[in-house]
Amino acid sequence: MKQMYHPDDLAAMDPLVLMRNLDHVRMTSRRLSYILQQQVHLYTPEANKVRGEIDEYVEAERQIEWEMARRGLRNE
């Protein structure tokens, strides 16, 4: 799976930027999930494309959370 962020880029980000990016990827993955739920034909190529995008954003969320944990930052 293609990573949205390079680990070195995450390590260099300001904590506030990390938290904002985390909020962004969470909101985007949830918005895409909602769009996918509204599609009648779940196995169309468009639905598969949306599933792929959701996977990328979920992976980005995991990357950011890992980096925040590594630094001992809390997301509240």
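For the structure, check the block above.
First, a word on what this report is: a plain description of the structure on this page. (Residues numbered from 1 in each chain as written. Predicted model: local features only at pLDDT ≥ 70, side-chain atom pairs only at ≥ 80, totals over all residues. Heavy atoms only, no water.)

### What to know about the side chain of Glu59
Move 1: Along the chain, Glu59 turns up in helix 3 (residues 45-71).
Move 2: A distance of 2.5 Å separates a polar atom in the side chain of Glu59 from a polar atom in the side chain of Arg62. (Helix = DSSP H or I, 4+ residues; strand = E, 2+ residues; numbered from the N terminus. Polar contact = N/O pair within 3.5 Å; in protein donor to acceptor, adjacent residues only side chain to side chain.)

### Focus: the pattern of salt bridges
Move 1: Counting across every chain of the model gives 7 salt bridges.
Move 2: Two residues, Glu67 and Arg71, come together in a salt bridge whose shortest N-O distance is 2.8 Å. Taken together, the residues Glu67 and Arg71, both in helix 3 and 4 residues apart, mark about one turn of the helix. (Salt bridge = Lys/Arg side-chain N within 4 Å of Asp/Glu carboxyl O.)

### Remarks on the nonpolar core
Move 1: The biggest cluster of nonpolar side chains holds 15 residues, and the ones touching the most others in it are Tyr5, Leu10, Leu18, Val25 and Ile64.
Move 2: Elements represented by at least two residues in this core include exactly helix 2 (15-38) and helix 3.
Move 3: Considering each element in turn, this core owes the most residues, 7 residues, to helix 3.
Move 4: The contacts of Leu18, once residues within four sequence positions are left out, are Leu10, Met13, Ile64, Glu67, Met68, Arg71 and Leu73. (Core = buried A, V, L, I, M, F, W, Y, C linked by side-chain atoms within 4.5 Å. Buried < 20%, exposed > 50% of the residue type's maximum accessible area, 1.4 Å probe, protein only. Contact = heavy atoms within 4.5 Å.)

### Overview of the environment of Gln63
Move 1: Relative to the assigned elements, Gln63 resides in helix 3.
Move 2: In the structure, Gln63 is positioned 58 residues away from Tyr5 in sequence and 7.7 Å away in space, judged by C-alpha atoms.
Move 3: The residues contacting Gln63, other than those within four sequence positions of it, are Gln3, Met4, Tyr5 and Leu10.

### Remarks on the packing of helix 2 against helix 3
The relative placement of two packed helices is expressed as an angle between their axes plus a distance between the axes.
Move 1: Running from amino to carboxyl end, helix 2 crosses helix 3 at an angle of 155°, the nearest separation of the two axes being 9 Å. By the angle class used here, helix 2 and helix 3 are roughly antiparallel. You can see that helix 2 and helix 3 cross each other, and the crossing is left-handed.
Move 2: Looking at the contact of helix 2 with helix 3 residue by residue, the class counts come to 15 nonpolar, 5 polar and 8 charged. (Axes fitted to C-alpha atoms, helices over the stretch in contact; angles between N-to-C directions. Parallel < 35°, antiparallel > 145°, perpendicular 65-115°, else oblique. Left-handed = near helix turned anticlockwise from the far one by under 90°. Nonpolar A, V, L, I, M, F, W, Y, C, P; charged D, E, K, R; others polar.)

### Considering helix 2
Move 1: Along its 24 residues, helix 2 runs 35 Å from first to last C-alpha, staying within 8% of the 34 Å computed at 1.5 Å per residue.
Move 2: When we look at burial in helix 2, the residues that qualify are Leu18, Asn21, Leu22, Val25, Thr28, Ser29, Leu32 and Leu36.
Move 3: Next to the buried residues of helix 2 lie helix 1 (7-12) and helix 3.
Move 4: Between a side-chain oxygen at the N-terminus of helix 2 and the backbone nitrogen of Leu16 the separation is 3.0 Å; the capping residue is Asp14. (Expected span 1.5 Å × (residues − 1).)

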